Amino acid sequence: MKCKHLILLASMGFAAFLLGPSPALAQSAPTLGSAESFAILDGLKVTCTDSTVTGDVGVANGTPVVQTNCTIDGTLHEGDAVAEAAYADFLVAYAALANEPPCTQVSSVNAPASQTFSPGVYCFDSYLELTDVVFTLKGPPKGIWIFKIGTGVDSAPGYLTGTNFSLVMAGGGQSCNVYWWVEAAATMTTSNFQGTILAGADITVKGGTFNGDALAGGAGSTEGPTGEVTL
């Protein structure tokens with residue numbers, strides 16, 4: 001299990017803790033296949049500005065990665081067999097995770113306060129907006145956290161946004177065991193984020209740090225790839 005990918009843009013931090021809901025436990029971590037080796041992967045386009053990325057970067061359709069004052073400590077895969085296979089594996093993982101049972105329902109779409117979550121699977125039937133709050137994930141090194149945003153049948157699009165949001169690992173928990181399944185797009189602004197985002201649409205990171213992987217375009221297909229990642 002990897003725990004090494006990092007996207008660095010700036011730094012900030014918070015400290016506040018409340019108790020979150022009791023969880024439904026995940027039986028195992030999602031299987032990402034060859035997509036697991038990528039820090040950034042999508043179907044259409046990667047734009048990297050004033051950022052440092054540790055890990056491989058891939059675009060399935062072959063569009064060159066746009067770099068402006070961008071450092072990528074890894075291999076670029078722009079439409080080669082490696083990127084295409086990884087994107088195909090990501091699509092399988094995205095579809096499988098959409099049906100991951102069981103799930104603890106969390107009703108709030110605008111998190112009102114900082115919370116602590118033990119390992120488990122948590123579902124938000126609509127979008128999730130995180131502003132000036134801290135999520136603390138407290139559990140053992142092998143603990144698994146899965147957050148699913150946009151699981152409702154007739155709800156608004158399931159997007160994830162964070163502004164001055166911070167995610168803290170405690171008790172030995174590891175960021176490589178944290179997964180965010182997002183029905184639509186994900187945007188993090190001046191946040192300290194951790195975990196792997198599997199987004200149906202685009203992923204945008206503006207400032208802050210991103211300790212994990214950004215996989216975008218899960219709603220696409222190998223014949224019609226979608227999803228852009230913008231740093």
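Notes on the structure follow. (Residues numbered from 1 in each chain as written. Predicted model: local features only at pLDDT ≥ 70, side-chain atom pairs only at ≥ 80, totals over all residues. Heavy atoms only, no water.)

### Focus: the pairing of strand β2 (residues 38-42)
Threshold: Burial classification: accessible surface area is computed with a 1.4 Å probe over protein chains only, and a residue below 20% of its type maximum counts as buried, one above 50% as exposed, and the rest as partly exposed. The numbering of helices and of strands both runs from the N terminus, where a helix is a DSSP run of H or I of at least 4 residues and a strand a run of E of at least 2. Note on pairing: two strands pair once DSSP finds at least 2 bridges between them.
Of all five residues that make up β2, five are buried, and the element is covered over most of its length. Judged from the four bridges that link them, β2 and strand β4 (residues 56-59) form a sheet pairing that is parallel. Within β4, the residue paired with F38 across the bridge is D56.

### A closer look at the state of the cysteines
The term disulfide refers to a covalent linkage connecting the sulfur atoms of a pair of cysteines. Selection rule: Two cysteine sulfurs form what is called a disulfide whenever their separation falls within 2.5 Å.
Applying the stated criterion across every chain yields a total of two disulfides. Disulfide pairing is shown between C103 and C123; the S-S distance is 1.7 Å. With C103 in the loop between α1 (81-98) and β7 (104-105) and C123 in strand β9 (residues 120-124), this pair connects stretches of sequence that are 20 residues apart. Given a relative accessible area of 32%, C103 falls into the partly exposed group.

### Section: unusual backbone geometry
One non-glycine residue, D50, lies in the positive phi region at around 50°. Its location among the elements puts D50 in strand β3 (residues 45-54). Backbone geometry at N164 places phi at a positive 55°, although glycine is not the residue there. Within the secondary structure layout, N164 lies in the loop between β13 (160-163) and β14 (166-170). You can call N164 partly exposed: its relative accessible area is 23%.

### So, the environment of S221
Test applied: Polar contacts, as counted here, are pairs of nitrogen or oxygen atoms within 3.5 Å of one another; within protein the pair requires one atom able to donate a hydrogen and one able to accept it, and residues that are adjacent in sequence qualify only if both atoms are side-chain atoms.
Inspection of the secondary structure puts S221 in the loop between β17 (203-216) and β18 (228-230). S221 gets classed as partly exposed once you look at its relative accessible area, which sits at 27%. As for S221 and Y87, which are separated by 134 residues in sequence, their C-alpha atoms are 8.7 Å apart. A distance of 2.9 Å separates a polar side-chain atom of S221 from the backbone nitrogen of G224.

### Section: α1
What counts, and what does not: Expected helix span is given by 1.5 Å per residue-to-residue step, counting one fewer step than there are residues.
Helix length check: α1 (18 residues) gives 26 Å between terminal C-alpha atoms against 26 Å at 1.5 Å per residue, within 8%. When α1 is considered as a whole, its buried residues turn out to be A83, A86, Y87, F90, L91, A93, Y94 and L97.

### Quick look at the packing of aromatic side chains
For the record, the criterion: The aromatic pairing rule takes the rings of Phe, Tyr and Trp, using the six-membered ring of Trp, and pairs them if the centres are within 6.5 Å, calling planes under 30 degrees apart stacked, those over 60 edge-to-face and the rest tilted. Two limits define a charge over a ring: the Lys NZ or Arg CZ must be within 6 Å of the ring centre, and within 35 degrees of the ring normal.
Per the stated rule, a full pass over the model turns up 13 aromatic pairs. Ring centres of Y127 and Y159 lie 4.8 Å apart, and the angle between their planes is 5°; this geometry places the pair in the stacked category. Of this pair, Y127 sits in the loop between β9 and β10 (128-131) while Y159 sits in the loop between β12 (145-149) and β13, and the two are 32 residues apart along the sequence. Taking the relative accessible area as the measure of exposure, Y127 reaches 22% and is therefore partly exposed. Pairing F147 with W180 gives two aromatic rings, centres 4.5 Å apart and planes at 20°, and the pair type is stacked. Of this pair, F147 sits in strand β12 while W180 sits in strand β15 (residues 178-182), and the two are 33 residues apart along the sequence. K148 extends its terminal NZ or CZ atom over the ring of W181, reaching a point 5.9 Å from the ring centre.

### Some thoughts on the nonpolar core
Put simply, the rule is: By nonpolar core is meant a set of buried Ala, Val, Leu, Ile, Met, Phe, Trp, Tyr and Cys residues that side-chain atoms within 4.5 Å join together. The contact definition used throughout considers only heavy atoms, calling two residues in contact when any of these lie within 4.5 Å.
Counting 42 residues, the largest nonpolar core has F147, W180 and I197 as its most contacted members. When sequence neighbours within four positions are dropped, the list of residues in contact with I197 reads L160, W180, V182, A186, I203, F210, D213, A214 and L215. By size, the runner-up hydrophobic cluster in this structure holds 20 residues, among which are A29, Y87, Y94 and L198.

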